[in-house]
Amino acid sequence: MARKKKQFAGQAAKELNKQINASIKKGNKKRALLLIAAGLVLALYSGRSINPYLSDLGKVTEGGLLSGEDTSGTEAAAEAEEAKLESVVDGDTLWVRVNGARKKVRLLQINAPESVHSDESKNTSYGREASAHLKEMLADVDTVWMTRDYSDEDQYGRLLRMIWLKKPSDPFSEAELRENCVNARMLLDGYAQVVVFDDKSYTDLFDSFVSEAKKHKNGLWAEDGWKRYVREHE
């Protein structure tokens, strides 16, 4: 029952995110506010974070409604931070060095199958392929650029970042994402899925990247069992 509740909440939140983003882009504040209210109710029901909906509220209302509440997360994405790449952990995790400090980075809004989980039963050949693909992509890379969305870290203390091969002039440009964003490349190449927690600025575009990879049978989408694996782990 708990798993079904989690799956329902995740699917409902994903759809709400799309509708909220579309309403904000179209300037339909009334509809956006109604959807945000629904999102808050869903978050309280499912135990999910309300932060993304507070962020959306800040976009709809001038200056935000909560004094002192940080609703500028997406604005921080424009500030790219340089980092030295140290190593690839798996298909969605890296070690980097920023200002002399060693930091673990979780690639924002994507999820690759497991390959180095402490529970060996969760590791798969798909995860090893995803990890190998990311290592190959970054084999000759020494320096990367990082941008963020709303959240700075996850519950494990890992930085949540978009990783770029070149400093982006516009981190929301589809052309730049396709060419230089590691997160986007992992989706387009067919080695990761979209995941939405508190951050969702790229959700719609990233969903389209997955659809594109699926259509062209890129990466893992060319393997017979991958679709079944994705359904079972949604």
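The shown structure was predicted, so the numbers you read here are calculated from the model rather than taken from an experiment.

### A look at the packing of aromatic side chains
Okay, so step 1: For the structure shown, the criterion picks out seven aromatic pairs.
Okay, so step 2: With a centroid separation of 6.0 Å and 75 degrees between ring planes, the pair formed by W221 and W226 is classed as edge-to-face.
Okay, so step 3: The buried category is assigned to W221, whose relative accessible area is 7%.
Okay, so step 4: Where W226 meets Y229, the ring centres are 5.3 Å apart and the plane angle is 15 degrees; that geometry is what we call stacked. Within this pair, W226 and its partner Y229 are both found in helix α8 (residues 226–232), separated by three residues, close to a single helical turn. Here W226 and Y229 have matching classes, each one buried.
Okay, so step 5: Stacked on the ring of W95, the Lys or Arg R102 has its end atom at 3.9 Å from the ring centre.

### Overview of the nonpolar core
Okay, so step 1: Among the nonpolar cores identified, the biggest contains 47 residues, and L94, V96, L177, M186 and F206 are the most heavily contacted of them.
Okay, so step 2: With residues up to four places along the chain from it excluded, the contact list for L94 reads L85, S87, V88, V89, K103, K104, V105, L107, L134, L138 and I163.
Okay, so step 3: Of all hydrophobic cores here, the second largest spans nine residues; its members include L16, I20, Y53 and L57.

### Some remarks on the sheet that holds strand β6 (residues 159–164)
Okay, so step 1: Sheet architecture is closed into a barrel: five strands sit in the order β1-β2-β3-β6-β5, paired in mixed fashion. Averaged over neighbouring strand pairs, the angle between their axes works out to 55 degrees when direction is ignored.
Okay, so step 2: In the sheet, strand β3 (residues 101–107) pairs with β6 via three bridges, with the strands oriented parallel. Opposite R106, over in β6, you have L160 as the bridge partner.
Okay, so step 3: Strands in contact with helix α4 (residues 125–137) are β1 (81–90) and β2 (93–98); relative to β1, the strand with the most contacts, it is inclined by about 145 degrees.

### Examining the side chain of S131
Okay, so step 1: Its place among the elements puts S131 in helix α4.
Okay, so step 2: Residues contacting S131, with those up to four places away along its chain left out, are V88, V89, D90, G91 and S115.

### Details of a positive patch on the surface
Okay, so step 1: Taken together, K214, K217, K227, R228 and R231 make up a surface patch of like positive charges.
Okay, so step 2: Sort the elements by how many residues they give to the positive patch and α8 lands first, with three residues.
Okay, so step 3: When you line up the elements, K227 lands in helix α8.

### Here's the deal with the confidence of the model for the chain
Okay, so step 1: Here the chain averages 85 in pLDDT, and 87% of its residues register 70 or above.
Okay, so step 2: Per-element confidence in the chain is highest for helix α6 (residues 182–188), whose mean pLDDT is 98, and lowest for helix α1 (residues 2–26), whose mean pLDDT is 71.
Okay, so step 3: The low-confidence segment residues 63–77, where pLDDT is below 50, has 24 contacts with residues more than four positions distant or belonging to other chains.

### Concerning unusual backbone geometry
Okay, so step 1: Phi is positive for Q109, which is not a glycine, with a value near 65 degrees.
Okay, so step 2: Take Q109: it is sitting in the loop between β3 and β4 (110–111).
Okay, so step 3: By relative accessible area, which is 4% here, Q109 ends up buried.
Okay, so step 4: Despite not being glycine, K217 shows a phi value in the positive range, around 55 degrees.
Okay, so step 5: Along the chain, the position of K217 falls in the loop between α7 (203–216) and α8.

The rules behind these values
Residues numbered from 1 in each chain as written. Predicted model: local features only at pLDDT ≥ 70, side-chain atom pairs only at ≥ 80, totals over all residues. Heavy atoms only, no water. Phe/Tyr/Trp six-rings, centres within 6.5 Å; stacked < 30°, edge-to-face > 60°. Buried < 20%, exposed > 50% of the residue type's maximum accessible area, 1.4 Å probe, protein only. Helix = DSSP H or I, 4+ residues; strand = E, 2+ residues; numbered from the N terminus. Lys NZ or Arg CZ within 6 Å of the ring centre and 35° of its normal. Core = buried A, V, L, I, M, F, W, Y, C linked by side-chain atoms within 4.5 Å. Contact = heavy atoms within 4.5 Å. Pairing = 2+ DSSP bridges. Axes fitted to C-alpha atoms, helices over the stretch in contact; angles between N-to-C directions. Patch = residues over 30% accessible without salt bridge, like charges linked within 9 Å, V, L, I, M, F, W, Y side chains within 5 Å. Areas by Shrake-Rupley, 256 points an atom, 1.4 Å probe, with all protein chains shown as cover. Salt bridge = Lys/Arg side-chain N within 4 Å of Asp/Glu carboxyl O. Lys, Arg positive; Asp, Glu negative; His and termini not counted. Charge placed at Lys NZ, Arg CZ, Asp CG, Glu CD. pLDDT = per-residue confidence, 0-100.

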